[in-house]
Amino acid sequence: MRDIERLAFQHAPDATLVLAERVILRASFRVEAVFGWTPRELEGQSIRLLYPGQTDYELIGDRARRAMGATQVYRDERFMRRKDGQVVWMEGHGTALERDDPQRLAIWTYRPLETGGAGAGPLTPTEKRIARYLVNGFTSKEIALAVGSSPRTVEVHRANMIRKMGVRNSFELVSRLLAAG
């Protein structure tokens, strides 16, 4: 039975990681196709290696830790970084083996999203890019830094998205974007 379990993990259809304190203990074979690193290259590394920046690592990690303490399986969409430096939009699922200490030992799966993020209807490509950060809890300043614009420009895009999506505020916008995804 152990051989079957090992084979199931190694050949899982999504990139699968076993983490302890945000350090990769084990990686499935699929991580090479998804992230570009071999399992051996990732094992022993901080998961930080797969995030585009420190802010992403901290904010998404904090949000996931809180959610995994409250729910059995956490799901989100976020930017992740491949070995070649390419930043791709991914769907992530995580579960903590100990809900009172979610980072102690966790299982994560990642799948690239071919569509480039949430189905945001009439939004422009720039608005869709900003929307991806919004749903991950980034502030306008953080988004501006990530996309190379000013916080004011981000606010203008946010206002346009609120108008286009027919919602009243940023909270409703994020709720609508998450529902669309």
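Scroll up for the structure.
Residues numbered from 1 in each chain as written. Predicted model: local features only at pLDDT ≥ 70, side-chain atom pairs only at ≥ 80, totals over all residues. Heavy atoms only, no water.

Caption draft 1: Seen up close, empty space enclosed by the protein. A full pass over the atoms with the stated rule returns 1 cavity of 30 Å³ or more. Empty space within the largest cavity amounts to approximately 150 Å³. Among the elements of the structure, α4 (54–70) and β5 (106–112) are those that each provide at least two residues to the lining of the largest cavity. Considering each element in turn, the lining of the largest cavity owes the most residues, 4 residues, to α4. Its residues assigned to classes, the lining of the largest cavity shows 9 nonpolar, 2 polar and 3 charged. (1 Å grid on protein atoms, 1.4 Å probe; cavity = no way out; pocket = protein on both sides within 12 Å on 5 of 7 lines; lining within 4 Å. Points joined across faces, edges and corners; volume = space filled by probe spheres on them. Helix = DSSP H or I, 4+ residues; strand = E, 2+ residues; numbered from the N terminus. Nonpolar A, V, L, I, M, F, W, Y, C, P; charged D, E, K, R; others polar.)

Caption draft 2: Region of the structure containing the packing of aromatic side chains. Within this structure, the stated rule accounts for 5 aromatic pairs. Ring geometry for phenylalanine 35 versus tyrosine 110: centroids 5.7 Å apart, planes at 80°, classification edge-to-face. Residue phenylalanine 35 is located in helix α2 (residues 30–35), and its partner tyrosine 110 is located in strand β5; the two are separated by 75 residues in the primary sequence. A centroid spacing of 6.1 Å and a plane angle of 75° characterise the contact between tyrosine 74 and tryptophan 108, whose relative ring orientation is edge-to-face. Here the residue tyrosine 74 occupies a position in strand β3 (residues 74–81), and tryptophan 108 occupies one in strand β5, the gap between them amounting to 34 residues. In textbook terms, an aromatic cluster arises when at least three aromatic residues are bridged by ring pairs, as seen for Phe35, Tyr74, Trp108 and Tyr110. Directly above the ring of tyrosine 57 sits arginine 22, whose terminal nitrogen or CZ lies 3.8 Å from the centroid. (Phe/Tyr/Trp six-rings, centres within 6.5 Å; stacked < 30°, edge-to-face > 60°. Lys NZ or Arg CZ within 6 Å of the ring centre and 35° of its normal.)

Caption draft 3: How the structure looks around the pairing of strand β1 (residues 15–20). With respect to burial, β1 is a largely interior element, 6 of its 6 residues being buried. In β1, alternate side chains face the same way, and those of Ala15, Leu17 and Leu19 on one face and Thr16, Val18 and Ala20 on the other are all buried. As judged from the 5 bridges shared by β1 and β5, these two strands associate in the antiparallel manner. Its bridge partner being in β5, leucine 17 is matched across the sheet by tryptophan 108. Note: β1 against strand β2 (residues 23–27), 4 bridges, orientation antiparallel. Across the sheet, alanine 20 pairs through a bridge with valine 23, a residue of β2. With antiparallel pairing between neighbouring strands as the criterion, β1 and β2 make up a hairpin whose turn holds 2 residues, including glutamate 21 at a positive phi of roughly 55°. (Buried < 20%, exposed > 50% of the residue type's maximum accessible area, 1.4 Å probe, protein only. Pairing = 2+ DSSP bridges.)

Caption draft 4: Representation of the nonpolar core. Grouped together as the largest cluster of nonpolar side chains are 44 residues, with contacts concentrated most on Leu17, Phe35, Ile47, Leu50 and Tyr110. In terms of residue count, helix α5 (residues 125–135) provides more of this core than any other element does, 5 residues in total. Setting aside residues up to four positions removed in sequence, leucine 17 forms contacts with Ile24, Arg26, Ala27, Val31, Ile47, Leu50, Ala106, Ile107, Trp108 and Tyr110. (Core = buried A, V, L, I, M, F, W, Y, C linked by side-chain atoms within 4.5 Å. Contact = heavy atoms within 4.5 Å.)

Caption draft 5: Examining unusual backbone geometry more closely. Even without glycine at this site, glutamate 21 takes up a positive phi of about 55°. Following the sequence through the fold, glutamate 21 ends up in the loop between β1 and β2. By relative accessible area, which is 48% here, glutamate 21 ends up partly exposed. The backbone of arginine 22 shows a phi angle near 65°, a positive value even though the residue is not glycine.

Caption draft 6: Seen up close, the environment of tryptophan 89. Relative to the assigned elements, tryptophan 89 resides in strand β4 (residues 87–96). Given the relative accessible area of 5%, tryptophan 89 is considered buried. Separated by 39 residues in the primary sequence, tryptophan 89 and leucine 50 place their C-alpha atoms 12 Å from one another.

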